[in-house]
Every structure is written in structure tokens, then in C-alpha cells.
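# A structural walkthrough
Spelled out from the first residue to the last, the chains are:
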Amino acid sequence: MTGPIRVVVWGENRHEKLDERVRSHYPDGMHTTIGAGIAENLADRCEVTTVTLDDPEHGLTEDVLARTDVLVWWGHAAHAEVADEVVERVHRHVLSGLGLVVLHSGHWSKLFVRLMGTTCTLRWRSEHDRELIWTVDPTHPIARGVPHPIVIDEDEMYGEFFDIPVPDELVFISTFSGGEAFRSGCTFRRGHGKIFYFRPGDQDYPTYHHRDVRRVIANAVEWAVTDRPGRSLPTLQRYDTDDFFTGHDYTGPIEDEA
């Protein structure tokens, strides 16, 4: 693509308002810290803006989405408050080519569950647990420049079984001090859109200040860009014999004239 990647970081922004411990880690909101990490790594290759749940239409208007190349999503306590019409809108844009990076407890967002078509449930333990993030696909661009393993001294534990479809690519797995393992870096493709799920980032820990976590998210943003001349849903087309390249648009079943 030409020009900088246009990134929108969506944050629930509830814990930061209600919990002093979270606010001490993220005084300007988790979304701001996540966005700063992307800008830090991509510099002039990106333009980063942030929106939150309490913005009008959750900050995800048709106009905003049309001008966004990659959406980064963090939510946790207020999944149910995300309006269904906004979920439908973002879902349509992802299928049409919007890149999506889903972080931590965004696995249970309405949007991610709909895109996966499964429950997206998992095992978890809310403790001060050490996490090791192992790169299992070192040639993948999302793993570029990160150590093996990434060491996070404290975070929440997620464990298998993680009820998601088999990922298109498995980039990272995490292990924890209790012996658990988790598929923590997974790619998916839905329609024309590219999706990356990345596990770290419970609100009780300063994980989004971690240099290597920030690098992974920035790499994922670059990877998730879809190089298409325009954004459109995959279309069912009718072809005539010997008409290999210029099929005719098909908008739906033929109306019954009777």
C-alpha cells in the first residue's frame, strides 16, 4: 500500500476509570499505551488514533471504519455493552478487507466470537503468573525481531482448551508456571480480512509497556493490512462459458415473477 497504515485502537476504557491499580499502570488509558507502542515501532509508517466504548457509536462509525486499515481491539468487562449494530458494521468491514488485531480478553468480544463461529472459551487463573511466549513460526513476519521466548514476569494465565477454529497460522504458544500451555498468537482469514489474536495483556499488569509485546502488536498491524484496491465483500458472480475474468455481479436469488 502507499502511504502510512491507518490504525485505530479501540479500548473499553472502563477499568482505568474504576480501578486505581489499573490507572497507575495506564493513567491515560490502555488504548493510549497500546497505540503509543504501535507508533513507537512503526514511526512514520503508521497513523494511530484511539477510540473508546463510550464514544458515540463506540467511535466506530461507518466513516471511521472506511478510513481505517487495521483495527486493534481490547475489551474485557463490558462486552455486552457493545451495540449489535456496531458489531455488524465492523464484521462487515473485516470481511471486506479491514485488518483486525484482537488482544487478550477480546477473545470473548461479540466481534471475535462472531468471526470465529465458536464459543471462544478457555481456562484461566487470575494470579501473578510468569508467562513464556515461544515462537513456533520464526519465519512469520509477526515474529520478526522478538526474542525466543518473550518473558513476561507477571500476567494472568490462559490455558487450553481454547475453543477457536484451527488457526490458519500458529505463531506463538505460551507456557505458565503452573504447567499450562496456550495458543497465544494465532492468525485467521475471514473474507478479505486478516485477523491476529494475541494473548497477553490483563488490565492488572503493565504488560502493554513491555518492549517485546509492543513489537509483536506493531508487527501484527503491518501484517494485517490487506492490499486490495478497494474494500468490498466477497461477491457471488455468474460466469458464461469462456468468460474467465469478467464475471457478472449477482445480487441474490431471482425474484419469483408469480
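Shown above is the structure to which this text applies.
Thresholds applied
Residues numbered from 1 in each chain as written. Predicted model: local features only at pLDDT ≥ 70, side-chain atom pairs only at ≥ 80, totals over all residues. Heavy atoms only, no water. Axes fitted to C-alpha atoms, helices over the stretch in contact; angles between N-to-C directions. Helix = DSSP H or I, 4+ residues; strand = E, 2+ residues; numbered from the N terminus. Parallel < 35°, antiparallel > 145°, perpendicular 65-115°, else oblique. Contact = heavy atoms within 4.5 Å. Nonpolar A, V, L, I, M, F, W, Y, C, P; charged D, E, K, R; others polar. Salt bridge = Lys/Arg side-chain N within 4 Å of Asp/Glu carboxyl O. Buried < 20%, exposed > 50% of the residue type's maximum accessible area, 1.4 Å probe, protein only. Polar contact = N/O pair within 3.5 Å; in protein donor to acceptor, adjacent residues only side chain to side chain.

## Points about the packing of helix H3 (residues 30-42) against helix H7 (residues 211-224)
- Packing of H3 against H7 brings their axes to within 8 Å, and their N-to-C directions diverge by 75 degrees. For the element pair H3 / H7, the angle class is roughly perpendicular. Here H3 contributes Thr33, Ala36, Gly37, Ile38, Glu40, Asn41 and Leu42 to the contact with H7, which in turn contributes Arg214, Arg215, Ile217, Ala218, Val221 and Glu222.
- Per-class residue counts for the contact of H3 with H7 are six nonpolar, three polar and four charged.

## Looking at the pattern of salt bridges
- Taken as a whole and judged by the stated rule, the model has 21 salt bridges.
- A salt bridge links Arg199 to Glu131; its shortest N-O distance comes to 2.6 Å. A residue pair is termed long-range when its members are at least 10 positions apart, and Arg199 in the loop between strand S9 (193-198) and H7 and Glu131 in strand S5 (residues 123-135) qualify at 68 residues. Here Arg199 matches Glu131 in class, with each residue buried.
- Salt-bridge contacts for Arg144 lead to Glu222; the nearest nitrogen and oxygen are separated by 2.9 Å. Note that Arg144 is positioned in the loop between S5 and strand S6 (150-159) and Glu222 in helix H7, a separation of 78 residues in sequence.

## Notes on the environment of Arg183
- Structurally, Arg183 is set in strand S8 (residues 181-190).
- Taking the C-alpha atoms as reference, Arg183 lies 23 Å from Gly11; in sequence the two are 172 residues apart.
- Excluding anything up to four places from it in sequence, Arg183 contacts Glu160, Phe161, Phe162, Ile164, Pro167, Leu170, Phe172 and Ile173.
- In this structure the side chain of Arg183 is engaged in a polar contact, spanning 2.8 Å, whose partner is the side chain of Glu160.
- Here Phe162 takes part through its backbone oxygen, which lies 2.7 Å from a polar atom of the side chain of Arg183.

## Some points on the side chain of His107
- With respect to the helices, strands and loops of the structure, His107 is situated in the loop between strand S4 (99-103) and helix H6 (110-116).
- Of the polar contacts made by the side chain of His107, one reaches the backbone oxygen of Cys120; its length is 2.8 Å.
- The contact partners of His107, leaving out residues within four places of it in the chain, are Val102, Phe112, Val113, Cys120, Leu122, Tyr158, Phe162 and Tyr197.

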